[in-house]
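Summary of structural features
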Amino acid sequence: MTINEHLLNEFYENLDERSREALDQAAEKMTAAKRRGGKIVVATGSGPNIHEGVTTLIAELMDKGIVDGVTTSSAVVGHEMGGALDLVKMCKASALGFDERYMPRGDVFEFTQMPEELLAALRKEMVLDEDLLARGEKAEGRLVIKAAGNMAYPVGLRNENLAGEILIFCRTLGLPFETVAGWGADRRTMIGIGAEKNIPVLVSIPQLVGSGHIGMAIGDSIPVFERSKRIAAMLAGAEVIIESAVVLSQEIHDGPFECYTGHGIWSWWKGYPTYSLKDKTLVRIDLDENLRKARDLETGSSLIQEAINRGLPKTKISKIPFRMEMSAFARHEGSIPVIGDIGQVWPVLAWKVAGALGIPLGFLSYAQHTPEGKAMREWIVEAVKPVDKDRLLARTREYGLQA
């Protein structure tokens, strides 16, 4: 693809001076880590990461050997099973005969707009309500590009049904849901390329809730202790950890096996394997300026650590709204807060790191409000496909024979 360097420089200049410095520092840390064979792990949140093309960009960085592991949310896994972004038709649910009590707020019912060949493939694996599809085709509505595979018919229902089937494979084979679903997912998704290249992609425990039956199936696929252990191993091996518009990041900052900022002391005491965030680099891309304020308070006066040492509420002593994940991030010597829109920060960061490493990128995201971002979203709708069940089943059989 052609990279619009002029627009990337615009994104860079849109950041305030401190965020530009922080982004440059993050890029240098990432580049240095990869040059000496170190690993980079990304912790993504949900919606914005999908809508801004960030998850698709991370999949590209995984494919090119820049990103070595991902924690994410069950919602993102559900969306990637549906193809990341969909074009949907939003109609009035009551006009289609649905009881408004069971419909999403606003009396809305959505239909996935998909090519006939994909629809034909779905007909082979599930019974479709052809009358509903015909009525949806004729109904008044508006077309919207949105995160894929959760609320629209038939892909949303297909995902929910498929989750139950995948769960049985997971319990039989002893594998996380994300791995098995990834076997059939598009390789331009994080779960797809992760499964293809054996790169760990795991839903963090605070982010298990979401995406309906998919979230529950993910939670039931492997025990919580095993999930914590796998995530701990991923984070232990990382030199740089990037947090991307993620709210609950306790698995990183307050994990049961992490000793420097978390609760790992008792795991160590009881003989479990533990690790430490000490000497790692934590980069957080966030719109909340309080994150940087909390870091400044700690850097200037160790105020946050003092509050913890004295058993005082951090919110009261810092005089700022205090989110859970701010505590350890603010106190960690290697933390770098980048305050800005992930739609603008991520493409600049990826461009700088890939350029410094001499790695050509086949995909780059752009903020969705730009013409390039709109074209990117349309490309994702067309190019990134839902889970291919036949491919998933073939890989499941292959794995079963190998096991």
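The paragraphs below set out a description of the structure included in this document. Keep in mind that this is a model prediction, so the values were computed, not measured.

1. Some points on the overall build of the chain
If you tally the helices and strands in the chain, you get 21 helices and 10 strands. Computed over the C-alpha atoms, the radius of gyration of the chain is 22 Å, within 12% of the 22 Å expected from 2.2 N^0.38 for a compact globule of 403 residues. Once the C-alpha set of the chain is aligned to its principal axes, its extents read approximately 65 × 50 × 45 Å. For the chain, the proportion of contacts with a sequence separation of at least 24, taken over those separated by at least 6, is 75%. Total accessible area on the chain is roughly 18100 Å²; 54% of this is exposed by carbon and sulfur atoms. Within the chain, one finds 47 positive and 54 negative side-chain charges whose respective centroids are separated by 4 Å.

2. Quick word on the packing of aromatic side chains
In this structure the tally under the stated criterion is eight aromatic pairs. Seen in terms of ring centroids, Phe98 and Phe109 are 4.5 Å apart; in terms of plane orientation they differ by 20°. Their pairing is stacked. With Phe98 in the loop between strand 3 (85–92) and strand 4 (108–112) and Phe109 in strand 4, the pair connects residues that are 11 residues apart, well separated along the chain. Accessibility expressed as a relative area gives 26% for Phe98, which makes it partly exposed. According to the relative accessible area criterion, Phe109 is buried, its value standing at 13%. Taking 5.5 Å as the distance between ring centres and 40° as the angle between the ring planes, the aromatic pair formed by Trp183 and Tyr399 counts as tilted. Of this pair, Trp183 sits in helix 9 (residues 177–184) while Tyr399 is found in helix 21 (residues 389–402), placing the two residues 216 residues apart along the sequence.

3. Brief notes about the sheet that holds strand 5 (residues 141–147)
In spatial order, the strands read 5-3-4-6; together these four strands make up an open sheet with mixed pairing. In the strand order of this sheet, the two ends are held by strand 5 and strand 6 (152–153), each with one partner. Sitting on the sheet, helix 20 (residues 371–383) touches strand 3 and strand 5, and the angle it makes with strand 3 is about 90°.

4. Details of the side chain of Asn159
Mapped onto the secondary structure, Asn159 falls in helix 8 (residues 155–173). Overall, the relative accessible area of 0% leaves Asn159 in the buried class. With sequence-adjacent residues up to four places away left out, Asn159 is seen in contact with Gly78, Met81, Gly82, Gly149 and Ile214.

What counts and how
- Every chain begins its residue count from 1, and numbering advances along the sequence as written.
- Local features in a predicted model are, by the rule used here, given only for residues with pLDDT of at least 70; side-chain atom pairs are given and counted only at 80 or more, and totals for whole chains, interfaces and linings are based on all residues.
- Hydrogens and water are ignored here; the side-chain numbers use all heavy atoms of the structure.
- Only DSSP runs of H or I reaching four residues or more are called helices, and only runs of E reaching two or more are called strands; each is numbered from the N terminus.
- Note on method: radius of gyration uses C-alpha positions; expected globular size equals 2.2 Å times residues raised to 0.38.
- Note on contacts: a residue pair qualifies if any of its non-hydrogen atoms lie within 4.5 Å across the two residues.
- A 1.4 Å probe and the Shrake-Rupley method give the accessible areas. Residues count as covered only by the protein chains that appear here.
- Residues counted as positive are Lys and Arg, residues counted as negative are Asp and Glu, and His and the chain ends are not counted.
- Think of each charge as sitting on NZ of Lys, CZ of Arg, CG of Asp or CD of Glu.
- Put simply, two rings from Phe, Tyr or Trp (the six-membered ring, in Trp's case) pair if the centres are within 6.5 Å, and we call them stacked under 30 degrees between planes, edge-to-face over 60, tilted for the rest.
- Exposure categories follow from relative accessible area, calculated using a 1.4 Å probe and restricted to protein chains: below 20% of the type maximum is buried, above 50% is exposed, and the middle band is partly exposed.
- Pairing between two strands requires that DSSP report at least two bridges joining them.
- Angles shown run from 0 to 180 degrees and are taken between the N-to-C directions of axes, each axis being a line fitted to C-alpha atoms and, for helices, limited to the stretch in contact.

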